[in-house]
Protein chains: 2
Amino acid sequence: MWRGIVEEYREFMPVTDNTPVVTLYEGNTPLYKAEKLSGQLGVEIWLKFEGLNPTGSFKDRGMTMAVSKAKEEGAEVLICASTGNTSAAAAAYAARAGMKAVVVIPHGKVALGKLAQTIMYGAEIIEIEGNFDEALSIVRQVSETHPVKLVNSVNPYRIEGQKTAAFEVCDDLGEAPTHLAIPVGNAGNITAYWKGFNEYRRHRRSGKLPKMLGFEASGSAAIVKGHPIEHPETIATAIRIGNPASWQQAADAAKDSKGKIDMVEDEEILAAYRLIAAEGVFCEPASAASVAGVIKLANSGYFSENDRVVCVLTGNGLKDPDTAMNHGINVEARVVPATEEAVVKAIFK
Amino acid sequence: MWRGIVEEYREFMPVTDNTPVVTLYEGNTPLYKAEKLSGQLGVEIWLKFEGLNPTGSFKDRGMTMAVSKAKEEGAEVLICASTGNTSAAAAAYAARAGMKAVVVIPHGKVALGKLAQTIMYGAEIIEIEGNFDEALSIVRQVSETHPVKLVNSVNPYRIEGQKTAAFEVCDDLGEAPTHLAIPVGNAGNITAYWKGFNEYRRHRRSGKLPKMLGFEASGSAAIVKGHPIEHPETIATAIRIGNPASWQQAADAAKDSKGKIDMVEDEEILAAYRLIAAEGVFCEPASAASVAGVIKLANSGYFSENDRVVCVLTGNGLKDPDTAMNHGINVEARVVPATEEAVVKAIFK
């Protein structure tokens, strides 16, 4: 049985025998060959589906590390300012650890329905009469003055956990792929993968390094455009970030690996979202930015015939049924009489 | 890398070298020790979280078998009459196999939003001007007269796939638990687990058999009450079934294993649903029937100190955010001024 990423990759993790490992057996997510996309694009495409982590996103990898270290350090409360996958992961691992999770958000800006999963796990929600920047600033302050551990992306252990997804890709394929494509929001995940690939190569677990391809949504493409975006907008809410925390590291990963950071339009993201589902994989809209970017590059002749491209799908589509209903699909059903003949006719048209 | 249940348990599966295995690497789901519940109930409680299968429910185990055999037999179309997890699984595996999935439902009875995941995978929805029984009858007829494979629970390969969850439980624990608790709707899953435990024991992979504990929702408890329920009602929609297809097999599993089929109230299901989330696991409401039943039995002194109880959680809570919002949680957030002091006060009260 898979024991979670800290135990499975212990030699690469900043833990000791004294670290109480808090785990939901995250990681070990499937890597699917995308047969249809590979055929269409003429290059081998694989999908690393992080949506099958315990809370439905890659954030669980970072959270097992962050919460284990928080517990080791004696913290009793986890805190974050997040409305999405980070808060769900923080809440679940806090529950597992017997700790309290507190999520601070701006009052009146976030539908509590978006936080249903987080609240189910028992997190407490505090709404401040201020904006998101103030929420971030307050959680930082509180974590510096009280026995409260900040688990937002500034927590350095998050990247240590997230790098294990690169290990798994190498283990499954036998070596690193030629290209690793990934959505870029706060830019922590591309940083983590690049760190993971480098560590695996140094330990001779992989003979080569991939080119790193990061894709921002065009409405929040700070790195591509070279300046923060004041009012980021995209349907891919999980990467709707105008000033990435790991901006420089992401830019370095792209440069050092001879890859690139590029951007994709919302329409390209939605088209990719549907193509991924047609492979049998239902991901979050933001996840599809990796595939959208690869399609864009493939159509411009970027890849060679023998390339092998792994696209990271960061979250589970079940997290965002609204986008599926409003943008993903044609929800019209055909209505026919209740007879075998009518149904057969409808099937075979 | 885990290769899916057909490859991993090939010697137990009705496949040959000619069977094209259609897989999304289902199975290998986590088995969590429920620390808080174990402490509260004084008996060892484990949670088998089937919600981390590729489409979010245990149905994927049966579907990989059913679709692989359908493809081997030359079918081009899969058909089912289902509004829930079965249709999602059928649609995803059809996409993977390059086949078409058709879902037949009564017109005007089902909100298409419930089918968002299924439609995303590319299934076609046909609404008939009739009721659910007519839909079931029509899909049976169509599958007998056309190259269309029925993947509803009457498909015998479904149980062959589902039995592998029992294998995993034995592999993870080293042997079968003393008790296996499971929600009962159509009663196929309890039948499958019992088959799996028996096969593993025959092959000496486990030295013993568990007592099988099946739990129906009281509003649809046909087996417990001894007669079909004409208008089944329960918040646990995935087990809202008034006339279980595998009624006799479920009753036999309970009797032969010296276990029992019992029922739980919706309030008990919702209470268990929250307790499971407090362990860090977000499941479907219907899944919680297993834990609700175990709590009921534990409170009546049913278990001994050395018992080890595995509760099956059949689906992912992300499939049903409405129940989380309406029944699972207290959605009120505290609103405080945007100051460190106010947030600290709110955290520590």
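About the thresholds
Residues numbered from 1 in each chain as written. Chains lettered and ligands numbered in written order. Predicted model: local features only at pLDDT ≥ 70, side-chain atom pairs only at ≥ 80, totals over all residues. Heavy atoms only, no water. Pairing = 2+ DSSP bridges. Helix = DSSP H or I, 4+ residues; strand = E, 2+ residues; numbered from the N terminus. Axes fitted to C-alpha atoms, helices over the stretch in contact; angles between N-to-C directions. UniProt positions renumbered as here; feature names shortened; annotations may be inferred. Contact = heavy atoms within 4.5 Å. Buried area = accessible area lost by both parts, 1.4 Å probe. Salt bridge = Lys/Arg side-chain N within 4 Å of Asp/Glu carboxyl O. Least-squares fit on C-alpha atoms with pLDDT ≥ 70 in both. Buried < 20%, exposed > 50% of the residue type's maximum accessible area, 1.4 Å probe, protein only. Right-handed = clockwise from strand over helix to strand, strands pointing away.

I'd like to hear about the sheet that holds strand S6 (residues 148-150) of chain B, residue by residue, with values.
Hydrogen bonds along the backbone pair up the strands of a sheet, which may run parallel or antiparallel. An order of S11(A)-S5(B)-S4(B)-S3(B)-S6(B) is seen for the five strands of this open sheet, with the pairing classed as parallel. Each end of this open sheet is capped by a strand with a single partner; those strands are strand S11 (334-337) of chain A together with S6 of chain B. Strand-to-strand twist of the sheet, defined as the mean angle between neighbouring strand axes without regard to direction, takes the value 30°. Where S11 of chain A meets strand S5 (residues 124-129) of chain B, four bridges bridge the pair, whose relative direction is parallel.

Can you lay out the UniProt feature "modified residue: N6-(pyridoxal phosphate)lysine" (unreviewed entry) in chain A for me, pointing to particular residues and giving the numbers?
Residues and elements named next belong to chain A. Per the UniProt record, "modified residue: N6-(pyridoxal phosphate)lysine" (unreviewed entry) is found at Lys-59. Relative to the assigned elements, Lys-59 resides in helix H3 (residues 59-72). When sequence neighbours within four positions are dropped, the list of residues in contact with Lys-59 reads Asn-85, Thr-86, Ala-89 and Arg-158.

Pulling in residues and values, what's your account of the interface of chain A and chain B?
Every contact between the two is made by 76 residues of chain A and, on the other side, 76 residues of chain B. Summing the contributions of chain A and of chain B, the shared interface buries around 6,500 Å²; its carbon and sulfur component is 68%. For the chain A face of the interface with chain B, the top three residues by lost area are Met-120, Leu-318 and Ile-347 of chain A, together amounting to 11%. Where chain A touches chain B, the interface holds four salt bridges. Between Arg-334 of chain B and Glu-124 of chain A there is a salt bridge, with the nearest N and O atoms lying 2.7 Å from each other.

Could you give an account of the relation of the copies chain A and chain B, naming the residues involved and the relevant values?
Superposing chain A onto chain B requires a rotation of 180° together with a translation of 0.0 Å along the rotation axis, leaving an RMSD of 0.0 Å. Taken together, the turn and the small shift mark the pair as related by a two-fold rotation axis. Interface overlap between copies: 100% of the residues of chain A at the interface are likewise at the interface in chain B, consistent with a symmetric, same-surface contact.

Which residues make up the UniProt feature "domain: Rhodanese" (unreviewed entry) in chain A, and what are the values?
When the UniProt feature table is mapped to this numbering, "domain: Rhodanese" (unreviewed entry) covers residues 77-121 of chain A. Structurally, residues 77-121 of chain A comprises 40% helix and 24% strand, and the distance from its first C-alpha atom to its last is 14 Å.

Tell me what's going on with the pairing of strand S8 (residues 211-217) of chain B, and back it up with residues and numbers.
All names here are of chain B. Burial of S8 is extensive: six of the seven residues sit out of reach of the surface. Relative to S8, strand S7 (residues 179-183) is paired through five bridges, and the arrangement is parallel. Within S8, the position partnered with His-179 by the bridge is Lys-211. Note that the unit made of S7, helix H9 (residues 188-202) and S8 has a crossover that is right-handed. Sheet topology note: the S8/strand S9 (residues 260-264) ladder contains five bridges and is parallel. Bridge pairing in S9 links Gly-214 to Ile-261.

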